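Here is what each chain is made of, one letter per residue.
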Amino acid sequence: MLGISGGIATYKCPELIRQLLAEGAEVRVVCTHNALNFVTICTLQTVSRNKVYSEVFEPVTTFNPEHVSHADWADILLVAPATANVIGKFANGIADDALTTTFLAFDKPVFIAPAMNSRMYEHPIVQRNIRELRAVDVQFIEPAYGELACGTAGKGRMEEPENIVSFLDAALD
């Protein structure tokens, strides 16, 4: 399960999905509304070859709470990119969208690849939220140092898709 939150690094997600598929994974996507400001449902569905879950209260013809059924289906949850907002929601048990409800229903390995401005990433509250999540065995794929969307350089770039896939391969061996 690939969770996508709304940050500029979302543009890397189609390539991340392609690389996960090349490794033999089946990929389903759950995303926040803000993620869809950066990449379309059509793109994510086409690349993943699966329906994208973005609406908690979408009308259904059969009873199937998707946040629970996706948690049952998936072996891992990878959240990439993970914004400061979604990390804070995870750490504080806030479940107000498709991604955060899926996270709280998920009882298997979770990997988070943060992406945000370096000052946001280094903020004491964000770092506290990361510590809280690590304390419950959430694994972090550290952001890279480099040019940020705001035009500055610092630690906060979402790691490149090939490095995320390599991290997952090593962690799951």
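A brief structural summary. This one's a predicted model, so the numbers in the text were calculated from it and none came from an experiment. (Residues numbered from 1 in each chain as written. Predicted model: local features only at pLDDT ≥ 70, side-chain atom pairs only at ≥ 80, totals over all residues. Heavy atoms only, no water.)

Attention shifts here to a nonpolar patch on the surface. Taken together, the side chains of Ile8, Tyr11 and Phe38 define a hydrophobic patch exposed on the protein surface, amounting to about 330 Å² of accessible area. Tracing the chain through its elements places isoleucine 8 in the loop between strand 1 (2-4) and helix 1 (13-22). (Patch = residues over 30% accessible without salt bridge, like charges linked within 9 Å, V, L, I, M, F, W, Y side chains within 5 Å. Areas by Shrake-Rupley, 256 points an atom, 1.4 Å probe, with all protein chains shown as cover. Salt bridge = Lys/Arg side-chain N within 4 Å of Asp/Glu carboxyl O. Helix = DSSP H or I, 4+ residues; strand = E, 2+ residues; numbered from the N terminus.)

What follows covers the packing of helix 4 (residues 84-91) against helix 7 (residues 124-135). Closest axis-to-axis distance for the helix 4/helix 7 pair is 9 Å, and the angle between their directions is 45°. The angle between the axes of helix 4 and helix 7 places the two elements in the oblique class. The element helix 4 and its partner helix 7 pack so that their crossing is left-handed. Across from Ala84, Ile87, Gly88, Phe90 and Ala91 in helix 4, the residues of helix 7 making contact are Val126, Asn129, Ile130, Glu132 and Leu133. A per-class count over the contact of helix 4 with helix 7 returns 7 nonpolar, 2 polar and 1 charged. (Axes fitted to C-alpha atoms, helices over the stretch in contact; angles between N-to-C directions. Parallel < 35°, antiparallel > 145°, perpendicular 65-115°, else oblique. Left-handed = near helix turned anticlockwise from the far one by under 90°. Contact = heavy atoms within 4.5 Å. Nonpolar A, V, L, I, M, F, W, Y, C, P; charged D, E, K, R; others polar.)

Moving on, we come to the pattern of salt bridges. For the structure shown, the criterion picks out 8 salt bridges. Across the salt bridge formed by aspartate 96 and lysine 89, the nearest N and O atoms sit 2.9 Å from each other. One salt bridge in this structure joins arginine 157 and glutamate 160, with 3.3 Å as the shortest N-O distance. For arginine 157, a relative accessible area of 25% corresponds to the partly exposed category. By sharing partners, the salt bridges in this structure join Lys12, Arg157 and Glu160 into a single network. (Buried < 20%, exposed > 50% of the residue type's maximum accessible area, 1.4 Å probe, protein only.)

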